[in-house]
Amino acid sequence: MSDWLPPGLFAYGAQLAAAIDGWLGRVLVGDGSMWIDMPRRLGTADVASEPVPWGTGALCVDLGPDDTGAWERFTAVHGHELDPEAVAVAAQEWRLPVTPYRRLPVAPAPPVGILSGDEHRATTGVDGARVVDLTSMWAGPLCTELLGRAGAEVHKVTSVARPDGLAGSPMYAELNEHKTVIELDLRRETDRRDLDALLASADLLVTSLSPRALANLDLQPTQLFPRHSRLRSLAITAFEPDSPERDWIAYGTGVHAASGLGWLSDDPQAPAYSYPDPLAGLQAACAAVGQLAGVAPQHTRVSLAGAMAPLAGWAACSRAGGALTTGAWTDGNWHG
């Protein structure tokens, strides 16, 4: 099992945590390390899937319990394909969470900025705000748990049909401690009406569903606005909305693979745990506080790939012979 984590991870996490605490005007998140290092701190198994050698490279095959049969059928059809990029594209058409391991680009995509608490302070908006939580696993629940600890009233929607992958673990307990849990099966029309009634009195909806799933549930911003014109929405996705992978399904290890950080040496390497998740969770929490304060866009999207972009930038700089330095969020942008 790998123990590798990217250089600068905890320094960057501390900057994100400081931005949230700056917004709130009090220390809530601290240096961020307790949230980033949760699997090791709590002894929770978060074993990243190992690279799967494939043709001319490698794949991250991050299957869920319901994907095994589909993956076997997929490989029977596409097993002859040698290009991992082509295999990943085809796998995504099957709605399988498969991504290619890529080498780090010379000029990685620029990091996505967030508003800094140094310029704005959320003196109102969070305490007592009603938040509907349609997230699972790590990034989304971290975002909404921090909102709950800051005083928001968080309603977490769960389903026995699709339980949270961390359910029953110490991580799940800590990430959902300050929430009210509501059981809804969104495949049923009656339960979808119950969700709509919940949204009618909510201030913010936080989701971690794929864009396609959001559209199927009528939860995209353009679908929400006619019914809930004042509702803010925050979507946490795997990739950036302007990227070729914007509609892909992937978990943190898959985003790590596609970013290039998983192939810095001779062979592709899995991380110790899914570190893009807590980074995206911290960035999403900062965005949510800004939304509730009325100074961030009503409808916002945060991605795991965008949240970890500074780490890719640092790694590219280091490979080019530059010094690895930390940076800071100012004027809504990352300066490293």
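Conventions adopted
- Residues numbered from 1 in each chain as written.
- Predicted model: local features only at pLDDT ≥ 70, side-chain atom pairs only at ≥ 80, totals over all residues.
- Heavy atoms only, no water.
- Helix = DSSP H or I, 4+ residues; strand = E, 2+ residues; numbered from the N terminus.
- Buried < 20%, exposed > 50% of the residue type's maximum accessible area, 1.4 Å probe, protein only.
- Contact = heavy atoms within 4.5 Å.
- Areas by Shrake-Rupley, 256 points an atom, 1.4 Å probe, with all protein chains shown as cover.
- Salt bridge = Lys/Arg side-chain N within 4 Å of Asp/Glu carboxyl O.
- Phe/Tyr/Trp six-rings, centres within 6.5 Å; stacked < 30°, edge-to-face > 60°.

Draft legend 1. Fine view of the overall build of the protein chain. On a plain count of helices and strands, the protein chain comes out with 14 helices and 11 strands. Buried residues in the protein chain amount to 53% of all 336 residues. Pairs at least 24 apart in sequence give 76% of the contacts found in the protein chain among residues at least 6 apart. Carbon and sulfur atoms make up 53% of the accessible area of the protein chain, which amounts to about 14,400 Å² in all.

Draft legend 2. Structural context of the pattern of salt bridges. If you walk through the whole model with that rule in mind, you get 13 salt bridges. Here Arg 102 ties to Glu 85 by a salt bridge, and the two come within 2.8 Å at their closest N and O atoms. With Arg 102 in the loop between β3 (98–100) and β4 (130–134) and Glu 85 in helix α5 (residues 84–93), this residue pair connects regions lying 17 residues apart in the sequence. Exposure remark for Glu 85: the relative accessible area of 31% places this residue in the partly exposed category. As a salt-bridge pair, Arg 187 and Asp 185 come within 2.8 Å of each other at their nearest N and O atoms. Judged by relative accessible area, which is 12%, Asp 185 ranks as buried.

Draft legend 3. Local environment of the packing of aromatic side chains. Using the criterion set out here, one finds seven aromatic pairs in the structure. Here Tyr 12 and Trp 314 contribute two aromatic rings whose centre-to-centre distance is 6.0 Å and whose plane-to-plane angle is 80°, an arrangement assigned as edge-to-face. Note that Tyr 12 is positioned in helix α1 (residues 9–24) and Trp 314 in helix α14 (residues 309–319), a separation of 302 residues in sequence. Geometrically, the ring pair formed by Trp 71 and Phe 74 is stacked, given 5.5 Å between the ring centres and 20° between the ring planes. Residue Trp 71 and its partner Phe 74 are located together in helix α4 (residues 68–78), separated by three residues, close to a single helical turn. For the pair Trp 71 and Phe 74, a shared accessibility class is recorded, and that class is buried.

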